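This is what each chain is made of:
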Amino acid sequence: MYAREQTIIATPIGTIRLVAAGDALESVTIERDRTVSRGTSTLLQAASRQIDQWFAGERQLFDLPLVPIASPRGAVLRAGIMAISYGNMLSYGALARSLNSSPRAIGQACARNPLPIIVPCHRVLAAGGILGAYSGGEGPATKAWLLAHEQRYGAVDAERLI
């Protein structure tokens, strides 16, 4: 069992708590009104810097070691969510079809995602472009903010919402 270390950073959507377990990022939690505190580990410093760069529109991809998913199927779903490129969106159904899964399984993977923003579940929408739920921050309002942020800084390609 690895010792956990955490850092809390200020962002435009509230404070974000980053938790590392050993040499991998374990969780990202969007919170409100927490005291900022910087962790000392190299991993948390890199994660903080990359999140800051993402919010500044200077980064579209994260390069951080993540705690592995326990099940092979969960790992496939996480990889599918992470494959949705910056500034783009997919419906639960379209992502499910591409992964030979079900929209419900995709929804559960998004709801249980311990690494929002890093594993960009905000890019997964309900049918017809409806936002749907979001488990981070202020729920759908935070999801809408994250999507609008990516639209401001990223070019949208052929992967538009299906």
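For the structure, check the block above.
Every value quoted in this text rests on a predicted model; they were computed, and no experiment measured them. Here, residues in each chain are numbered from 1, in the same order as that chain's written sequence. Note on the predicted model: pLDDT of at least 70 is required for a residue's local features to be given, and 80 or more for side-chain atom pairs to be given and counted; whole-chain, interface and lining totals, by contrast, use all residues. Note that the side-chain values use all heavy atoms of the structure and ignore hydrogens as well as water.

Asks: When you look at the packing of aromatic side chains in this model, what are you seeing that I'm missing?
Replies: Aromatic pairing here means that ring centres of Phe, Tyr or Trp (its six-membered ring) are within 6.5 Å. Orientation follows from the plane angle: under 30 degrees is stacked, over 60 is edge-to-face, and everything else is tilted. Taken as a whole and assessed by the stated rule, the structure comprises 3 aromatic pairs. Taken together, a centroid distance of 5.0 Å and an interplanar angle of 90° make the contact between Trp 54 and Phe 55 edge-to-face. Type-normalised accessible area, obtained with a 1.4 Å probe on protein chains alone, sets the label of each residue: buried when under 20%, exposed when over 50%, and partly exposed for intermediate values. In this structure Trp 54 comes out as buried when scored by relative accessible area, which is 0%. Looking at Phe 55, the relative accessible area reads 9%, which means it is buried. On the numbers, 5.8 Å between centres and 45° between planes, the contact of Phe 55 with Trp 145 is tilted. With a gap of 90 residues between them, Phe 55 in helix α1 (residues 42–55) and Trp 145 in helix α5 (residues 140–153) connect regions that are remote in the sequence. For Trp 145, a relative accessible area of 27% puts it in the partly exposed group. Feature note: the residues Trp 54, Phe 55, Tyr 86 and Trp 145 constitute an aromatic cluster, connected by ring pairs. Helical segments are the DSSP runs of H or I of at least four residues, strand segments are the runs of E of at least two, and each set is numbered from the N terminus.

Asks: Would you explain the pairing of strand β1 (residues 4–11) in this entry?
Replies: In regular strands, side chains alternate between the two faces of the sheet. When DSSP finds two or more bridges between two strands, those strands count as paired. Relative to strand β2 (residues 14–21), β1 is paired through 8 bridges, and the arrangement is antiparallel. When the sheet's bridge partners are listed, Gln 6 is paired in β2 with Val 19. In textbook terms, the turn of a hairpin is the stretch between consecutive antiparallel strands, and for β1 and β2 this stretch comprises 2 residues.

Asks: Mind showing me how you'd approach unusual backbone geometry here?
Replies: Most peptide bonds take the trans form, and the phi angle of most residues other than glycine is negative. The backbone of Asn 100 sits at a positive phi, close to 55°, despite the residue not being glycine. By the secondary structure assignment, Asn 100 is in the loop between α3 (92–98) and α4 (103–111). The phi torsion at Ile 117 lies on the positive side, around 75°, for a residue other than glycine. The topology assignment puts Ile 117 in the loop between α4 and β5 (124–125). Overall, Ile 117 belongs to the buried group, its relative accessible area being 2%.

Asks: Whenever I open this one, the environment of Thr 42 confuses me. Can you help?
Replies: Looking at the element boundaries, Thr 42 is found in helix α1. Take Thr 42: its relative accessible area is 66%, and that puts it in the exposed class. The sequence separation of Thr 42 and Asp 23 amounts to 19 residues, and the corresponding C-alpha distance is 9.0 Å.

Asks: Just to check I follow, could you spell out α5 for this structure?
Replies: Structural remark: α-helix, 3.6 residues per turn; residues separated by three or four positions point the same way. Multiplying 1.5 Å by the residue count of a helix minus one yields the expected span of that helix. The terminal C-alpha atoms of α5, which comprises 14 residues, lie 20 Å apart, in line with the 20 Å expected from a rise of 1.5 Å per residue. Looking only at α5, the buried set comprises Thr 142, Lys 143, Leu 146, Leu 147, His 149 and Glu 150. Along α5, the residues classed as buried sweep out an arc of 155° about the axis, all on the same side. Facing away from the buried side of α5, by more than 90 degrees, are the exposed residues Ala 141 and Arg 152. Contact between two residues is taken to exist if any of their heavy atoms lie within 4.5 Å; hydrogens are not considered. For α5, the elements touching its buried residues are β3 (24–31), α1, α3 and β5. Within this analysis, the arc is defined by the directions that extend from the helix axis to the C-beta atoms.

Asks: Help me out: how do you make sense of the nonpolar core in this one?
Replies: The tendency in soluble globular proteins is for nonpolar side chains to be buried side by side. What makes a nonpolar core is a set of buried Ala, Val, Leu, Ile, Met, Phe, Trp, Tyr and Cys residues whose side-chain atoms join them at distances within 4.5 Å. Counting residues in hydrophobic clusters, the biggest one holds 39 residues, and the most contacted among them are Ile 16, Leu 18, Leu 25, Leu 64, Ile 106, Ile 117 and Ile 118. Listing elements by their share of this core, those giving two or more residues are β2, β3, α1, α2 (72–82), α3 and α4. In terms of residues, this core owes the most to one element, α1, which gives 7 residues. Residues within four places of Ile 118 in sequence aside, it is in contact with Leu 25, Val 28, Ile 51, Phe 62, Leu 64, Leu 66 and Met 82.

Asks: What am I meant to see in the sheet that holds β1 here?
Replies: In a beta sheet, neighbouring strands are held together by backbone hydrogen bonds and run either parallel or antiparallel to one another. The antiparallel open sheet is built from 3 strands, whose spatial order is β1-β2-β3. Looking along the sheet, the strands with just one partner apiece sit at the ends: β1 and β3. Within the sheet, the average angular offset between the axes of one strand and its neighbour, ignoring direction, is 20°. Note: β2 against β3, 7 bridges, orientation antiparallel. By the bridge assignment, Ala 21 is partnered in β3 with Ala 24. The sheet contacts of α1 involve β1, β2 and β3, and relative to β1 the element is tilted by about 20°. Whenever a helix is involved, its axis is fitted only over the stretch in contact; in every case the axis is a line through C-alpha atoms, and angles between N-to-C directions fall within 0 to 180 degrees.

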